[in-house]
Structure formats: structure tokens, C-alpha cells
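Fold and contact review
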Amino acid sequence: AHWYRACKLETYQTNRGHMNKLAVYSRDRLHQLSSQLQLDYERSAGYLILLRSESDHSQAQAALKFLRATDLVFKEIDGLQARQIEPALNSDTPLLGAIHLPDDEVGNCRQFAMQLKTEAQKLGVVFSFQTTVEGITPSRGIVLTLDGRAQGRQFDGCVLCAGVDSAKLLANCGLRIPLAAVYGYSISAPIRESVNAPRSAVMDERFKVAISRLGKRIRVAGSAEFGGDLAKKRAGSIQTLYKVLSDWFPGAANLSGGVQEWKGARPMLPDGPPVIGASGIPQLWLNLGQGSSGWALSCGSARVMADMVSGRVPALDVLGFDPSRILR
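First, a word on what this report is: a plain description of the structure on this page. (Residues numbered from 1 in each chain as written. Predicted model: local features only at pLDDT ≥ 70, side-chain atom pairs only at ≥ 80, totals over all residues. Heavy atoms only, no water.)

This next bit is on a nonpolar patch on the surface. The grouping of Leu123, Val125, Phe127 and Phe129 at the surface amounts to a nonpolar patch, some 430 Å² of accessible area in total. Within the secondary structure, Phe127 is located in the loop between helix H6 (109-122) and strand E4 (133-138). What makes Phe127 partly exposed here is its relative accessible area of 34%. (Patch = residues over 30% accessible without salt bridge, like charges linked within 9 Å, V, L, I, M, F, W, Y side chains within 5 Å. Areas by Shrake-Rupley, 256 points an atom, 1.4 Å probe, with all protein chains shown as cover. Salt bridge = Lys/Arg side-chain N within 4 Å of Asp/Glu carboxyl O. Helix = DSSP H or I, 4+ residues; strand = E, 2+ residues; numbered from the N terminus. Buried < 20%, exposed > 50% of the residue type's maximum accessible area, 1.4 Å probe, protein only.)

Right, let's get into helix H2 (residues 9-36). Helix length check: H2 (28 residues) gives 40 Å between terminal C-alpha atoms against 40 Å at 1.5 Å per residue, within 8%. Considering only its buried residues, H2 is in contact with strand E1 (43-51), helix H4 (61-68), H6, strand E13 (275-278) and helix H9 (294-309). Positive phi appears at Gln38, one or two residues downstream of H2, with a value of about 55°. (Expected span 1.5 Å × (residues − 1). Contact = heavy atoms within 4.5 Å.)

Turning our eyes to something else, we now look at the pairing of strand E3 (residues 97-107). Across a regular strand the side chains alternate sides, sitting on one face of the sheet and then on the other. In the sheet, E1 pairs with E3 via 8 bridges, with the strands oriented antiparallel. Of the residues in E3, the one forming a bridge with Leu48 is His100. As paired elements, strand E2 (residues 75-78) and E3 share 4 bridges and run antiparallel to each other. Residue pairing across strands places Lys75 opposite His100, the latter belonging to E3. (Pairing = 2+ DSSP bridges.)

Laid out in C-alpha cells, this is it:
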């Protein structure tokens, strides 16, 4: 019901505007961190949304209308111009045109996170990996129950950003949040022939599948699957990824071995924007629901969260991300 109400055009446009502002702020923060900390990870600039036909072009009109109302740099181009930007696009696959976003980029999220972890450790951050948080109890701060231990561990405060599992942890605190898993798929494979591979990233508007170049590998990602089991991959969803890769960049990837097929749970909220802020329980803060835009929104969300916890006024208007809008 909450999702249905959020689909009203005015509500959708408002929420999308909030997410766009956070994405731009997050991109700026990503660049600042990468420069300041001299992070070196696989990345490439530019993003093409491929339109196979007039039908695809019609489907994209709502997105184009939104882009025109923002400060984002983009350009509508024809098929020939698109192939000049991405020369390896298969000439046998019909291409009416594309939407080019030159300031967008793709990168290797894992490499970025690993390097950021190292920088955090230099500042004294202590990570406790392979540790299960089973419960959260407000008590002169926050007490976490870890790995079934009888004695909880005391903290001054807690930022909850545990993905889909956050809903269960909040329920134990008496809070309900409509956070659901929307599963996505990806395949990653080594580049077989560089000249046949994308220079950066493209997204097939019809199939909603993105193909990205990450150093010496190609990553193909897409799908939005509700329900089901994380351990069970749908053959049809995986095959769609292979099909779109073959349509646009045949022979670019070595698919005979070393292909990584992945399925992951993206924590989604019914109205779109994440929740960033105080939970209503003293010293328990929330940073949840970025969904399929996790990395795109991460650096901005983290900066906003850090400012709020520290008592500073965030540089971004946080009205659209208040947890009270959705907590019960």
C-alpha cells in the first residue's frame, strides 16, 4: 500500500528529486575522498543509455523530462554518434539512438571499499569481521548482543546499516520498517579482446541491463526479482544478461571459464529514498534503503550521517530522508 501511494506522479517526482540531489552530492564526496586519500581503483567515465527502437525512445521520455529539470549534463544522440563513443557496439544490433551522460562514471566498488577500510584503520578504526549482531538493546547508549554471547557489548551509540537484516534488528527494538529484498543478478568475466569491449558503461533501456568495463573485466548486471531464495538463481535472469552482452559486445568476454555469476539482495524501501537519521531510540541511528543505488549514494549518505551524529548541520537538505516518514 505504501508503494502504491508512492507511485502518484507528484510523490514520485519529489522522491526522485531527493535521490538525485543525494546522488550528485555523493559523487562529489566520492571524488573528494578519492583525491584526498589518493585511492586508485578501476573506473571509467561516461554512461550511455541505449535505445534500440522508437518504442524504447518513447519509454525514455519520462526520464528525459526529469533530466531536463535537473542540472545533470546529458545529450540525446543518434545511433552513429553512440557508436563513435562506444566503437565496439555490435553493428548488427539495431540502435536508434542513445542518451549520453558524460559526467557519470562506473568503478570497482570492492576495490574502493577495501582501500577505504585501510585508510580507516590508519585513523584507529577497529573492524570486527565474521561477527553476527543478534540484538540491539538501548541501555546507557547501545548494547549489542554478538554471536550468542550472554554478555552484551556496550557502545556509546550505533549506526544501523545492515541491509535487509536491519528490519529484523529494528523489530527487536519495537520498530517496524517496510524494508524488502529486491534481488539483482550480475555476471563478471575477463575481457577476451579489448577492442571488442566497452570503453566505459552502457545500459540497455529495453532490458534494463547495464554493461560496464572494470579494468580487465566486463560486468553485466540487471533484473529486479521479488521473493524467492538468495541461494537459488533463476536461469532466465542469468540468460538475459548473457543475451544483452552478446547483442552489444559479442566476443568481448571470455565466457569459457572464470565467469562469476552473482545474485544479491538489494534492500529497498517502498517510496525510493533511503532513511538517514535518528531512529527515535536514543543513540540509535539509521542509514538504510539505498537499494540498487548503494554505491552511488554511499559517500553522500555517510557524510550526512557523520554530520548528524556529530551534531553538525549537513550540507545537504535531509528532509526527504527522515526515518520518521516510514518507521512504525
